[in-house]
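# Fold and geometry: a report
Given next are the chains, with one letter for each unit.
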Amino acid sequence: MAVLKVIEILGNSTVSFEDAVQKVVEEASKTVKDIKSVYIQDMQVSVKDNQVTEYRVNTKVSFGIMQG
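These remarks concern the structure in this document. (Residues numbered from 1 in each chain as written. Predicted model: local features only at pLDDT ≥ 70, side-chain atom pairs only at ≥ 80, totals over all residues. Heavy atoms only, no water.)

With 12 bridges connecting them, strand β1 (residues 2–13) and strand β3 (residues 51–67) associate as antiparallel partners. The residue bridging N12 from the neighbouring strand is R56, located in β3. Strand direction decides the pairing type here: strand β2 (residues 35–48) and β3, joined by 12 bridges, are antiparallel. Of the residues in β3, the one forming a bridge with I35 is F63. Following β2, the chain reverses through 2 residues before pairing antiparallel with β3; D49 in that reversal takes a positive phi of roughly 55°. (Pairing = 2+ DSSP bridges. Helix = DSSP H or I, 4+ residues; strand = E, 2+ residues; numbered from the N terminus.)

Structural measurements only, silent on function.
Below you can see the structure in the form of structure tokens.
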């Protein structure tokens, strides 16, 4: 049996939602090993002068902590 842990991480990007998620994975992988999945809980954008200026994601990152 595998045991997983889930942490919540917020990410942002001026490029796209996909880039924001990639940044979450890159940052999380600096301290978290064995990332299994990223669940996108929420997505939003910041708007200025009728233009999207920032993409934001609220994610749940799952990673293994024990193999059985």
